[in-house]
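Reading the structure
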Amino acid sequence: MKIVVTGSGGQLGSELCRQLGREAVGLDLPEFDLADRQGVLRHVANLRPDVVVNTAAYTRVDEAEGRPELARALNADGVAHLVEACRGLDCLLVQISTDYVFGGDVGRNIPYRETDATAPLSVYGHTKLAGERHAAAWTKHLIVRTSGLYGRAGQRGSGNFVQTILRLARAGQRLEVVDDQHCTPSYAPHVARAIRFLIETSARGTYHVVDAGETTWHGFAAEILRQTGLAAELVAISTARRGGAPRPRFSVLDTAAYHALPGAPPAVLWQASLGEYLSGEPATSDAVGVDPSMEP
Ligand SMILES: NC(=O)c1ccc[n+]([C@@H]2O[C@H](COP(=O)([O-])OP(=O)(O)OC[C@H]3O[C@@H](n4cnc5c(N)ncnc54)[C@H](OP(=O)(O)O)[C@@H]3O)[C@@H](O)[C@H]2O)c1
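Presented here is a report on the structure given in the accompanying data block.

Reading guide: rules and limits
- Residues numbered from 1 in each chain as written.
- Predicted model: local features only at pLDDT ≥ 70, side-chain atom pairs only at ≥ 80, totals over all residues.
- Heavy atoms only, no water.
- Helix = DSSP H or I, 4+ residues; strand = E, 2+ residues; numbered from the N terminus.
- Rg over C-alpha atoms; globule rule 2.2 N^0.38 Å.
- Buried < 20%, exposed > 50% of the residue type's maximum accessible area, 1.4 Å probe, protein only.
- Contact = heavy atoms within 4.5 Å.
- Salt bridge = Lys/Arg side-chain N within 4 Å of Asp/Glu carboxyl O.
- Pairing = 2+ DSSP bridges.
- Right-handed = clockwise from strand over helix to strand, strands pointing away.
- 1 Å grid on protein atoms, 1.4 Å probe; cavity = no way out; pocket = protein on both sides within 12 Å on 5 of 7 lines; lining within 4 Å.
- Points joined across faces, edges and corners; volume = space filled by probe spheres on them.
- Nonpolar A, V, L, I, M, F, W, Y, C, P; charged D, E, K, R; others polar.
- Phe/Tyr/Trp six-rings, centres within 6.5 Å; stacked < 30°, edge-to-face > 60°.
- Lys NZ or Arg CZ within 6 Å of the ring centre and 35° of its normal.
- Axes fitted to C-alpha atoms, helices over the stretch in contact; angles between N-to-C directions.
- Parallel < 35°, antiparallel > 145°, perpendicular 65-115°, else oblique.
- Left-handed = near helix turned anticlockwise from the far one by under 90°.

So, about the overall build of the protein. Within the protein one finds 11 helices and 12 strands. Here the protein has a C-alpha radius of gyration of 18 Å; the compact-globule value for 296 residues is 19 Å, and the two agree. With the C-alpha coordinates aligned to their principal axes, the bounding extent of the protein is approximately 55 × 40 × 40 Å. Burial analysis of the protein (296 residues in total) assigns 55% to the buried set. Across the protein, every contact between residues at least 6 apart in sequence was considered, and the portion connecting residues at least 24 apart equals 81%.

The subject of this paragraph is the pattern of salt bridges. Counting across every chain of the model gives 13 salt bridges. We note a salt bridge from glutamate 132 to arginine 145, for which the minimum N-O separation is 2.7 Å. Highlighted residues: glutamate 132 in helix α5 (residues 123-136) and arginine 145 in strand β5 (residues 141-146), separated in sequence by 13 residues. Like arginine 145, glutamate 132 is buried. The network of salt bridges with common partners includes Arg174, Glu176, Glu233 and Arg241.

Let's shift gears to the pairing of β5. Here is the key point about a regular strand: its side chains alternate between the two faces of the sheet. The buried count for β5 comes to six of six residues, which makes it a mostly enclosed element. Note: strand β4 (residues 92-98) against β5, six bridges, orientation parallel. Note that in β5 the partner of serine 97 across the bridge is arginine 145. Chirality of the crossover, the property in question, places the unit of β4, α5 and β5 among those that are right-handed. Here β5 runs beside strand β10 (residues 205-208); their pairing, made up of four bridges, is parallel. Its bridge partner being in β10, valine 144 is matched across the sheet by tyrosine 207.

Attention shifts here to the pairing of β4. Where burial is concerned, most of β4 is hidden: seven out of the seven residues are buried. Residues Leu92, Val94, Ile96 and Thr98 point to one face of β4 and Leu93, Gln95 and Ser97 to the other, with burial holding for every one of them. Here four bridges tie strand β3 (residues 51-54) to β4, and the two strands are oriented parallel to one another. Opposite valine 52, over in β4, you have leucine 93 as the bridge partner.

Attention now goes to empty space enclosed by the protein. By the definition in use, this model includes three cavities of 30 Å³ or more. Approximately 110 Å³ is the volume attributed to the largest cavity. Those elements that provide at least two residues to the lining of the largest cavity are α7 (188-200) and α10 (256-259). In terms of residue count, α7 provides more of the lining of the largest cavity than any other element does, four residues in total. The class makeup of the residues in the lining of the largest cavity is nine nonpolar, two polar and two charged. The space that makes up the second largest cavity amounts to roughly 40 Å³. In terms of lining residues, the second largest cavity is bounded by Met1, Ile3, Leu20, Glu23, Arg196, Ile199 and Glu200. In terms of residues, the lining of the second largest cavity owes the most to one element, α7, which gives three residues.

Tallied over the full model, the rule gives 12 aromatic pairs. Look at phenylalanine 102 and tyrosine 112: their rings are 4.1 Å apart centre to centre, the planes differ by 10°, and that puts the pair in the stacked class. With a gap of 10 residues between them, phenylalanine 102 in the loop between β4 and α5 and tyrosine 112 in the loop between β4 and α5 connect regions that are remote in the sequence. One aromatic cluster is present, built from ring pairs that chain together Tyr150, Phe161, Tyr187, Trp217, Phe220, Trp270 and Tyr277. Lying over the aromatic face of tyrosine 112, arginine 108 brings its terminal NZ or CZ to 4.2 Å of the ring centre.

Two elements in contact, helix α8 (residues 217-228) and helix α11 (residues 270-279), have axes whose closest approach is 11 Å; the angle formed by their N-to-C orientations is 50°. It follows that α8 is oblique to α11 by the angle criterion. The interaxial crossing formed by α8 with α11 has right-handed handedness. On α11, the residues touching Gly219, Phe220, Glu223, Ile224, Gln227 and Thr228 of α8 are Trp270, Gln271, Leu274, Gly275 and Leu278.

Without other data, these values stay purely geometric and don't point to any function.
Structure (structure tokens):
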């Protein structure tokens, strides 16, 4: 199989390419711009893939509030370009989406199923939902919603949440982290493995794929400090105090449909996933220029 992975320099895209090996053809900026319709059509037509996995996105959740046209050009229109390209080749489109398509039903505390009504709160969430709708208009589609991604690649120019916490803790800084957003931190290699499995089993439709369990960003930070033995002052703050784009208070995803598939890789608790990440994690002092506005 030839599998094109867009956003191949990102956290999930780089891991997918690593796991797929010679099956993967990675596309990313600057050679490939998802917002450029003609370029997308040309690249995909030239490669003639069996599958396109779209991990590229505008993931700066806070910035998207002030630049909705940029977020839409990538997260919504970019998916429409890929649909057009996939239709032309009759190939499968795997669209990666987010728990941030949920959250508007305030007070909810039951994990979301694939069939639950969406209700995004942010520009990012709205544009990702629009992207899902474009993808779903093509018969051969698979939508994979995930949450709280962290992976070896980090996020370019920023570093992921774990790297950020480690960097600040090692610098002796006081950590203020929100404790009123419940979700599941998910390790990119596990999500990539699930995407591979779904492609191999010819799954179609929408699936939720996250690690097991749930916590808040404050809980995640506390576990990072506990597992690394770092001492730092960790203070719980509210979403209102943090400011930025509105985010779900609760966006835990129910993965029962995915785990019911015969042969699906077993669920891994988020704490164990973090341990797996930390055990192979290089010294993080090189995580520079943290941009806290990126998802999460
Ligand atoms: N991160 C999370 O916590 C999270 C949670 C739920 C769902 N998701 C979804 O999961 C997917 C992967 O997320 P991720 O964390 O791996 O993202 P990421 O690390 O930010 O990677 C996205 C990749 O897309 C590239 N990209 C940006 N603009 C592009 C453009 N115009 N054309 C082509 N490529 C472009 C980025 O390049 P630059 O780095 O140069 O911008 C980057 O390499 C996304 O669809 C995201 O919405 C993420």
